[in-house]
Amino acid sequence: MTSGFISQPQKYYIIGNWKSHKTVEQAEKWLEDYYQIINNINLSKTENPEVIICVAYIHLFPLKKKITEAKKKWPQINAPLKLAAQNVSPFSQGAYTGEISADMMQGLVDYCLVGHSERREKFAETNEVIFNKVKQLNSAGIKPILCVPDVTTPIPSDVELIAYEPVWAIGSGKPATPEHANQVARQIKMKHKRAQVIYGGSVNPDNVASFISQSEISGVLPGGASLKADTFIKIIANAKGKE
Ligand code: PGA
(Lines give C-alpha, C1' and ligand atoms only; values in the text may rest on other atoms or scores of the structure.)
Protein backbone atom coordinates (compact mmCIF):
# COMPACT_ATOMS: atom_id res chain seq x y z
CA MET A 1 0.00 0.00 0.00
CA THR A 2 1.43 3.41 -0.88
CA SER A 3 0.99 6.25 1.57
CA GLY A 4 0.77 8.94 -1.08
CA PHE A 5 3.70 10.77 0.51
CA ILE A 6 7.17 10.98 -0.94
CA SER A 7 9.20 9.25 1.73
CA GLN A 8 11.98 11.34 3.26
CA PRO A 9 15.23 9.55 4.06
CA GLN A 10 15.31 8.63 7.76
CA LYS A 11 17.27 11.18 9.77
CA TYR A 12 20.53 9.85 11.16
CA TYR A 13 22.86 11.30 13.73
CA ILE A 14 26.60 11.88 13.84
CA ILE A 15 27.31 12.99 17.40
CA GLY A 16 30.83 13.87 18.54
CA ASN A 17 31.60 13.62 22.25
CA TRP A 18 34.66 15.66 23.21
CA LYS A 19 34.42 14.55 26.86
CA SER A 20 36.73 16.48 29.20
CA HIS A 21 39.01 17.92 26.51
CA LYS A 22 40.05 21.27 24.99
CA THR A 23 40.65 24.81 26.13
CA VAL A 24 38.26 27.44 24.76
CA GLU A 25 40.93 28.44 22.27
CA GLN A 26 41.32 24.85 21.06
CA ALA A 27 37.56 24.44 20.82
CA GLU A 28 37.27 27.56 18.66
CA LYS A 29 40.11 26.35 16.47
CA TRP A 30 38.30 23.02 15.97
CA LEU A 31 35.26 24.93 14.74
CA GLU A 32 37.35 27.04 12.35
CA ASP A 33 38.94 23.87 10.96
CA TYR A 34 35.52 22.26 10.65
CA TYR A 35 34.06 25.09 8.57
CA GLN A 36 37.15 25.37 6.43
CA ILE A 37 37.09 21.68 5.49
CA ILE A 38 33.35 20.95 5.40
CA ASN A 39 32.59 23.54 2.75
CA ASN A 40 35.27 22.24 0.45
CA ILE A 41 34.26 18.62 0.27
CA ASN A 42 31.56 16.82 -1.64
CA LEU A 43 29.02 15.40 0.78
CA SER A 44 26.58 14.24 -1.88
CA LYS A 45 26.23 10.78 -0.30
CA THR A 46 25.47 11.94 3.21
CA GLU A 47 21.71 12.64 2.88
CA ASN A 48 21.79 15.45 5.36
CA PRO A 49 22.71 13.99 8.76
CA GLU A 50 22.02 15.72 12.05
CA VAL A 51 25.55 16.63 13.17
CA ILE A 52 25.98 17.42 16.85
CA ILE A 53 29.00 18.09 19.06
CA CYS A 54 28.79 17.41 22.79
CA VAL A 55 31.13 19.85 24.53
CA ALA A 56 32.04 20.96 28.03
CA TYR A 57 29.96 23.76 29.59
CA ILE A 58 32.77 26.30 29.17
CA HIS A 59 32.61 25.88 25.38
CA LEU A 60 28.88 26.29 24.93
CA PHE A 61 28.66 30.06 24.81
CA PRO A 62 31.69 30.82 22.61
CA LEU A 63 30.82 28.00 20.21
CA LYS A 64 27.17 29.03 20.01
CA LYS A 65 28.33 32.51 18.96
CA LYS A 66 30.60 31.09 16.28
CA ILE A 67 27.93 28.71 14.99
CA THR A 68 25.44 31.60 14.72
CA GLU A 69 28.01 33.67 12.80
CA ALA A 70 28.72 30.73 10.49
CA LYS A 71 25.00 30.31 9.73
CA LYS A 72 24.86 33.93 8.57
CA LYS A 73 28.03 33.65 6.56
CA TRP A 74 27.18 30.33 4.87
CA PRO A 75 23.38 29.83 4.88
CA GLN A 76 23.83 26.73 2.66
CA ILE A 77 26.63 25.24 4.72
CA ASN A 78 27.38 21.53 4.42
CA ALA A 79 26.50 19.53 7.55
CA PRO A 80 25.57 22.42 9.89
CA LEU A 81 26.50 21.87 13.52
CA LYS A 82 24.22 21.65 16.53
CA LEU A 83 25.43 21.91 20.11
CA ALA A 84 24.91 19.54 23.02
CA ALA A 85 25.98 19.71 26.63
CA GLN A 86 27.54 16.62 28.22
CA ASN A 87 25.76 16.90 31.52
CA VAL A 88 22.95 18.72 33.34
CA SER A 89 21.78 19.20 36.89
CA PRO A 90 19.03 16.87 38.13
CA PHE A 91 17.43 19.96 39.71
CA SER A 92 15.88 23.11 38.27
CA GLN A 93 17.70 26.40 38.82
CA GLY A 94 18.11 27.43 42.44
CA ALA A 95 20.45 26.94 45.37
CA TYR A 96 22.65 24.21 43.87
CA THR A 97 26.14 25.69 43.85
CA GLY A 98 28.25 24.54 40.95
CA GLU A 99 25.42 23.01 38.95
CA ILE A 100 24.15 24.00 35.50
CA SER A 101 20.42 23.39 35.13
CA ALA A 102 18.48 22.62 31.96
CA ASP A 103 16.56 25.91 32.17
CA MET A 104 19.89 27.81 32.34
CA MET A 105 20.90 26.21 29.03
CA GLN A 106 17.73 27.14 27.14
CA GLY A 107 18.61 28.80 23.85
CA LEU A 108 22.18 27.57 24.09
CA VAL A 109 21.87 23.87 23.26
CA ASP A 110 19.51 21.63 21.32
CA TYR A 111 20.59 18.38 22.95
CA CYS A 112 22.25 17.07 26.11
CA LEU A 113 23.98 13.76 26.86
CA VAL A 114 22.65 11.97 29.91
CA GLY A 115 23.85 8.86 31.68
CA HIS A 116 27.13 8.34 29.88
CA SER A 117 28.80 5.30 31.44
CA GLU A 118 31.73 7.47 32.57
CA ARG A 119 29.25 9.45 34.66
CA ARG A 120 27.50 6.32 35.90
CA GLU A 121 30.82 4.76 36.95
CA LYS A 122 33.08 7.65 37.94
CA PHE A 123 30.50 10.04 39.34
CA ALA A 124 28.16 7.46 40.85
CA GLU A 125 25.15 8.56 38.81
CA THR A 126 22.17 6.39 39.63
CA ASN A 127 19.18 5.70 37.41
CA GLU A 128 17.11 7.90 39.72
CA VAL A 129 19.44 10.87 39.14
CA ILE A 130 19.48 10.15 35.41
CA PHE A 131 15.66 10.03 35.26
CA ASN A 132 15.53 13.43 37.03
CA LYS A 133 18.00 14.88 34.52
CA VAL A 134 15.83 13.66 31.64
CA LYS A 135 12.78 15.23 33.29
CA GLN A 136 14.56 18.59 33.65
CA LEU A 137 15.70 18.52 30.02
CA ASN A 138 12.25 17.64 28.72
CA SER A 139 10.64 20.49 30.59
CA ALA A 140 13.27 22.90 29.22
CA GLY A 141 12.72 21.66 25.63
CA ILE A 142 16.24 20.23 25.32
CA LYS A 143 16.43 16.76 23.78
CA PRO A 144 18.17 14.16 25.95
CA ILE A 145 20.58 11.73 24.31
CA LEU A 146 20.39 8.92 26.83
CA CYS A 147 23.42 6.63 26.94
CA VAL A 148 22.84 3.04 28.03
CA PRO A 149 25.60 0.51 28.60
CA ASP A 150 23.35 -2.49 27.96
CA VAL A 151 19.90 -3.64 27.04
CA THR A 152 18.73 -3.97 30.66
CA THR A 153 19.43 -0.31 31.60
CA PRO A 154 16.19 1.46 32.64
CA ILE A 155 15.06 4.09 30.13
CA PRO A 156 12.39 6.76 30.78
CA SER A 157 9.41 6.10 28.49
CA ASP A 158 9.53 9.52 26.82
CA VAL A 159 13.18 9.41 25.69
CA GLU A 160 13.45 9.46 21.89
CA LEU A 161 17.20 9.30 21.32
CA ILE A 162 19.12 6.46 22.93
CA ALA A 163 22.83 5.71 22.52
CA TYR A 164 23.84 2.11 23.07
CA GLU A 165 27.44 2.24 24.30
CA PRO A 166 28.87 -1.00 25.71
CA VAL A 167 31.50 -0.11 28.34
CA TRP A 168 34.09 -2.47 26.87
CA ALA A 169 33.90 -0.72 23.50
CA ILE A 170 34.40 2.81 24.80
CA GLY A 171 37.91 4.12 24.13
CA SER A 172 39.21 0.56 23.65
CA GLY A 173 39.64 0.51 19.88
CA LYS A 174 37.44 -2.61 19.98
CA PRO A 175 33.98 -1.69 18.74
CA ALA A 176 30.97 -3.97 19.01
CA THR A 177 30.16 -5.82 15.83
CA PRO A 178 27.55 -3.97 13.78
CA GLU A 179 25.29 -7.06 14.01
CA HIS A 180 25.47 -7.10 17.82
CA ALA A 181 24.77 -3.36 18.01
CA ASN A 182 21.83 -3.82 15.66
CA GLN A 183 20.41 -6.64 17.74
CA VAL A 184 20.60 -4.56 20.94
CA ALA A 185 19.06 -1.59 19.12
CA ARG A 186 16.18 -3.83 18.01
CA GLN A 187 15.62 -5.06 21.57
CA ILE A 188 15.60 -1.49 22.91
CA LYS A 189 13.15 -0.39 20.22
CA MET A 190 10.78 -3.24 21.03
CA LYS A 191 10.16 -1.54 24.39
CA HIS A 192 10.61 2.07 23.23
CA LYS A 193 8.76 2.20 19.96
CA ARG A 194 9.22 5.90 19.26
CA ALA A 195 12.92 5.91 20.05
CA GLN A 196 15.83 6.06 17.65
CA VAL A 197 18.94 4.15 18.71
CA ILE A 198 22.49 5.11 17.86
CA TYR A 199 25.73 3.26 18.57
CA GLY A 200 28.86 4.50 20.36
CA GLY A 201 32.18 2.85 21.26
CA SER A 202 35.35 3.09 19.12
CA VAL A 203 33.53 4.45 16.07
CA ASN A 204 35.95 5.77 13.43
CA PRO A 205 35.94 6.83 9.76
CA ASP A 206 36.56 3.23 8.64
CA ASN A 207 33.79 1.51 10.56
CA VAL A 208 31.06 4.18 10.61
CA ALA A 209 29.26 2.93 7.49
CA SER A 210 29.03 -0.60 8.88
CA PHE A 211 26.97 0.73 11.81
CA ILE A 212 24.84 3.26 9.94
CA SER A 213 23.90 0.62 7.35
CA GLN A 214 22.25 -1.54 10.04
CA SER A 215 18.46 -1.48 9.90
CA GLU A 216 17.86 -0.48 13.54
CA ILE A 217 20.76 1.96 14.00
CA SER A 218 20.14 5.65 13.38
CA GLY A 219 23.59 7.08 13.92
CA VAL A 220 26.86 7.01 15.81
CA LEU A 221 28.49 8.67 18.82
CA PRO A 222 32.26 8.88 18.33
CA GLY A 223 34.39 10.15 21.23
CA GLY A 224 38.12 10.00 20.50
CA ALA A 225 37.52 10.24 16.75
CA SER A 226 35.66 13.55 17.18
CA LEU A 227 38.57 15.41 18.75
CA LYS A 228 40.12 16.42 15.44
CA ALA A 229 37.84 18.21 13.00
CA ASP A 230 39.26 16.45 9.95
CA THR A 231 38.72 12.95 11.40
CA PHE A 232 35.20 13.88 12.50
CA ILE A 233 34.44 15.13 9.00
CA LYS A 234 35.70 11.83 7.57
CA ILE A 235 33.12 10.10 9.76
CA ILE A 236 30.40 12.35 8.32
CA ALA A 237 31.66 11.81 4.78
CA ASN A 238 31.96 8.01 5.12
CA ALA A 239 28.70 7.43 7.00
CA LYS A 240 26.88 6.16 3.95
CA GLY A 241 29.88 4.37 2.48
CA LYS A 242 32.98 5.71 0.79
CA GLU A 243 32.78 7.48 -2.59
P1 PGA B 1 35.06 6.44 21.92
O2 PGA B 1 34.01 7.09 22.95
O3 PGA B 1 34.54 6.72 20.53
O4 PGA B 1 36.35 7.16 22.19
O5 PGA B 1 35.11 5.00 22.19
C6 PGA B 1 32.63 7.02 22.74
C7 PGA B 1 31.89 7.59 23.93
O8 PGA B 1 32.28 7.35 25.06
O9 PGA B 1 30.90 8.33 23.76
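Further up the page is the structure itself.
Cut-offs applied
- Residues numbered from 1 in each chain as written.
- Predicted model: local features only at pLDDT ≥ 70, side-chain atom pairs only at ≥ 80, totals over all residues.
- Heavy atoms only, no water.
- Axes fitted to C-alpha atoms, helices over the stretch in contact; angles between N-to-C directions.
- Helix = DSSP H or I, 4+ residues; strand = E, 2+ residues; numbered from the N terminus.
- Parallel < 35°, antiparallel > 145°, perpendicular 65-115°, else oblique.
- Left-handed = near helix turned anticlockwise from the far one by under 90°.
- Contact = heavy atoms within 4.5 Å.
- Nonpolar A, V, L, I, M, F, W, Y, C, P; charged D, E, K, R; others polar.
- Near = heavy atom within 4 Å.
- Polar contact = N/O pair within 3.5 Å; in protein donor to acceptor, adjacent residues only side chain to side chain.
- Buried < 20%, exposed > 50% of the residue type's maximum accessible area, 1.4 Å probe, protein only.
- Pairing = 2+ DSSP bridges.
- Right-handed = clockwise from strand over helix to strand, strands pointing away.
- Core = buried A, V, L, I, M, F, W, Y, C linked by side-chain atoms within 4.5 Å.
- Expected span 1.5 Å × (residues − 1).
- Arc of directions from axis to C-beta.

**Q** How should the packing of helix α1 (residues 24-38) against helix α7 (residues 229-238) be read in this particular structure?
**A** Each pair of packed helices can be described by the angle between their axes along with the distance between the axes. Contact pair α1 / α7: the axes reach a minimum separation of 9 Å and the direction vectors enclose 45°. In terms of their interaxial angle, α1 and α7 are classed as oblique. Note that α1 runs across α7; the crossing there is right-handed. Contacts from Trp30, Asp33, Tyr34, Ile37 and Ile38 of α1 reach α7 at Ala229, Asp230, Phe232, Ile233 and Ile236. Split into classes, the residues belonging to the contact of α1 with α7 amount to 8 nonpolar, no polar and 2 charged.

**Q** What am I meant to see in the site of the ligand here?
**A** Around the ligand, the surrounding shell holds 13 residues, and the nearest of these are Lys19, His116, Glu165, Gly171 and Gly223. Between the ligand and His116 there is a distance of 2.7 Å, counted from an oxygen atom to a side-chain nitrogen or oxygen. The contact in question runs from an oxygen atom of the ligand to an N or O atom on the backbone of Gly224, over 2.9 Å. Taken together, the residues that form the shell around the ligand break down as 4 nonpolar, 7 polar and 2 charged.

**Q** Any chance you could explain the pairing of strand β6 (residues 161-164) here in plain terms?
**A** Successive residues of a regular strand alternate their side chains across the two faces of the sheet. Neither face of β6 is exposed, since Leu161 and Ala163 on one face and Ile162 and Tyr164 on the opposite face are all buried. When strand β5 (residues 143-148) meets β6, the two strands line up parallel, connected through 3 bridges. Bridge pairing links Val148 to Tyr164 in β6. A crossover connection joins β6 to the parallel strand β7 (residues 196-199) through helix α5 (residues 178-191); in handedness this β-α-β unit is right-handed.

**Q** How should the nonpolar core be read in this particular structure?
**A** As a rule of thumb, nonpolar side chains are buried together in soluble globular proteins. Core analysis: the largest hydrophobic core is formed by 61 residues, its most contacted members being Tyr34 and Ile53. Among the elements that line this core, the one with the most residues is α1, at 6 residues.

**Q** Please explain helix α4 (residues 127-140) as it appears in this structure.
**A** What sets the pattern is the α-helix's 3.6 residues per turn: residues three or four places apart point alike. Relative to the 20 Å expected for 14 residues at 1.5 Å per residue, α4 spans 20 Å between its end C-alpha atoms, a close match to the ideal helical length. By the burial criterion, the buried members of α4 are Ile130, Lys133, Val134, Gln136, Leu137 and Ala140. Angular distribution of buried residues about the axis of α4 spans 160°; they occupy a single face of the element. Exposed positions of α4 whose direction lies more than 90 degrees from the buried face are Glu128, Lys135 and Ser139. Contacts from the buried residues of α4 go to β4 (111-114), α3 (117-122) and β5.

**Q** Looking at this model, I keep getting lost on the packing of α1 against helix α2 (residues 57-73). Mind explaining?
**A** Where α1 contacts α2, the axes come no closer than 10 Å and their chain directions differ by 25°. Of the possible angle classes, the one that applies to α1 and α2 is roughly parallel. As for how α1 packs across α2, the hand of that crossing is right-handed. In contact with Val24, Ala27, Glu28, Leu31, Glu32 and Tyr35 of α1, α2 contributes Ile58, His59, Pro62, Leu63, Lys66, Ile67 and Ala70. In the contact of α1 with α2, the residues fall into 9 nonpolar, 1 polar and 3 charged.

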